Amino acid sequence: MASIPDLIKKKRDGGALSDEEIRTFVHAVATDAIEESQIGAMLMAIWLKGMVQEEIETLTREMMSSGEVMSWPEEWAGLMVDKHSTGGVGDKVSLVLAPALAACGCKVPMISGRGLAHTGGTLDKLESIPGFNVHQSAAQILVILRSVGCCIVGQTETLVPADRVLYARRDTTSTVDSLPLIAGSIISKKGAESLSALVLDVKFGLAALYKDLDGAKELAQLLVKVGNALGVRTAALLSRMDAPIGRYVGNSLEVIESLETLKGRGPDDLMELVTTLGGLLLEMTGLASDLSEGRRQISDAVIGGAALSKFQAMMQAQGVANETARSLCSAHTDYYGVLRRSEHQMELKTPADGVVVDVAGLTLAEVLHKLGAGRSSVGGPVNHSVGAELLVSLGQRVKKGESWLRLHYEVPVPSPDQINRLQSGLTLGSRDHDTPTRTLVEELLFQ
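Residues numbered from 1 in each chain as written. Predicted model: local features only at pLDDT ≥ 70, side-chain atom pairs only at ≥ 80, totals over all residues. Heavy atoms only, no water.

Chemist: Describe in detail the nonpolar core, supporting the description with residues and values.
Modeler: Formed by 141 residues in total, the largest nonpolar core has its most connected members in Leu101, Ile129, Phe311, Met315 and Leu405. Ranked by residue count, the leading element in this core is helix H12 (residues 268-285), at nine residues. Ignoring any residue separated from it by four or fewer positions in sequence, one finds leucine 405 in contact with Met346, Glu347, Leu348, Leu364, Ala388, Glu389, Leu390, Leu391 and Leu422. (Core = buried A, V, L, I, M, F, W, Y, C linked by side-chain atoms within 4.5 Å. Buried < 20%, exposed > 50% of the residue type's maximum accessible area, 1.4 Å probe, protein only. Helix = DSSP H or I, 4+ residues; strand = E, 2+ residues; numbered from the N terminus. Contact = heavy atoms within 4.5 Å.)

So, in structure tokens, the structure goes:
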């Protein structure tokens with residue numbers, strides 16, 4: 001059997017690793033039988049030399065098999081679904097989509113992550129709800145899926161241990177943006193959920209990991225190929241990520257907007273993503289005859305209140321007090337009676353008359369991150385109350401001096417430079433037709 005240094009040398013020199021060699025490396029990572037420096041060296045070799053399709057599929061399969069692979073009751077066959085997003089600003093899709101899919105008859109074991117860089121994490125959002133417990137064992141997940149149909153949880157200790165190690169090392173070795181490593185990380189976790197169907201929301205634009213459509217499409221095509229090779233029916237959509245999704249950004253504020261959406265009062269762009277992703281999954285599982293029928297079912301579940309009932313049941317199953325869950329889901333609740341409101345709010349004013357052409361999602365996210373909405377180190381604290389509300393919509397005509405953004409902050413206080421950055425993120429045009437039509441979904445990809 002080849003030694004770890006031999007494997008590193010082979011990849012460094014541009015060779016393709018065999019199935020057995022990849023298995024050796026992944027097993028060493030999962031069992032802590034490899035030095036830190038060797039992991040870093042292999043990650044950099046993969047980053048520099050890449051991997052062929054067969055290597056990526058083997059890497060993903062071995063990572064998936066490095067820990068527990070979930071198993072489900074036979075009667076759920078064909079109904080297990082999930083989605084993954086490459087991360088955006090104001091991306092609260094999972095909070096609406098998971099209960100909507102459950103209301104349509106799917107089982108959704110959604111394993112989510114925390115905030116990375118400027119993008120918010122689904123788990124951080126949910127933890128702004130008092131009592132919500134994202135730490136559930138495989139046995140508890142089974143119980144929740146049986147009674148509710150969906151759960152949103154963190155990665156369990158026993159699931160894909162090799163990925164937990166490699167994910168952390170990629171950050172410290174500047175190998176985060178390696179396509180083989182991204183594919184291995186995302187699809188191994190979804191594969192370990194033993195899914196029937198998976199849909200990927202791969203974002204492109206100024207506030208996305210990939211700024212251009214071509215880069216995002218290359219990743220999406222790879223993810224779809226690898227997912228299908230592992231036996232999970234996989235599709236992807238390419239969606240624009242420039243301005244924030246919806247009107248609220250920040251952990252507890254995004255919970256409020258998700259609940260408003262589940263009460264039938266959601267913004268069009270958020271509903272476009274929820275119905276398209278959900279519709280695709282219903283079509284892929286055979287619960288809908290085509291995408292438009294799937295979209296209609298998801299929309300009905302959200303607007304009709306069935307998804308809201310599922311969200312309430314999920315909160316209660318994951319530790320939220322019955323009274324708290326009921327209050328949040330009631331028609332006209334005072335959200336701040338339950339969720340913590342920031343100590344301070346500040347409104348920014350429009351600098352001139354005009355039509356709102358753009359709001360820079362990346363600038364807004366970066367400033368909020370610095371104000372405490374995101375974490376600066378793994379496991380660091382997050383202030384759930386920090387965030388921002390957009391008070392204007394794209395295409396809206398505004399007068400000089402109107403409030404366009406409400407900032408929610410505590411300590412630190414926004415600096416003059418941060419306020420200037422936010423103001424420069426608002427683009428005003430002179431005429432109505434300066435504003436492009438706001439649809440987010442660019443393209444759908446199947447194998």
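Read on for the rest.
Chemist: So what's going on with the packing of helix H9 (residues 179-191) against helix H10 (residues 213-229)? Residues and values would help.
Modeler: Between H9 and H10, the least distance of the axes is 10 Å, while the angle of their chain directions is 45°. The angle between the axes of H9 and H10 places the two elements in the oblique class. Crossing of H9 against H10: the hand is right-handed. Contacts between H9 and H10 involve Leu179, Pro180, Ile182, Ala183, Ile186 and Ile187 from the first element and Glu218, Leu219, Leu222, Leu223, Val226 and Gly227 from the second. (Axes fitted to C-alpha atoms, helices over the stretch in contact; angles between N-to-C directions. Parallel < 35°, antiparallel > 145°, perpendicular 65-115°, else oblique. Left-handed = near helix turned anticlockwise from the far one by under 90°.)

Chemist: Please set out the sheet that holds strand E8 (residues 354-359) residue by residue, giving values where relevant.
Modeler: Strand order in the open sheet formed by three strands is E10-E8-E12, and the pairing between neighbours is antiparallel. Only two strands of the sheet have a single neighbouring strand rather than two, namely strand E10 (397-398) and strand E12 (426-429). (Pairing = 2+ DSSP bridges.)

Chemist: Can you break down H12 residue by residue, with the values?
Modeler: The terminal C-alpha atoms of H12 lie 25 Å apart, and with 18 residues this matches the ideal 26 Å at 1.5 Å per residue to within 8%. The buried fraction of H12 is high, at 16 of 18 residues. In the segment just after H12, glycine 286 is the residue with positive phi, at about 85°. (Expected span 1.5 Å × (residues − 1).)

Chemist: Help me get a handle on the packing of aromatic side chains, residues and values and all.
Modeler: Summed over all chains, the structure comprises one aromatic pair. Between tryptophan 72 and tryptophan 76 the ring centres are 6.2 Å apart and the planes differ by 35°, which places this aromatic pair in the tilted class. Both residues of the pair, tryptophan 72 and tryptophan 76, count as buried. (Phe/Tyr/Trp six-rings, centres within 6.5 Å; stacked < 30°, edge-to-face > 60°.)

Any functional reading would require information beyond the geometric quantities listed.
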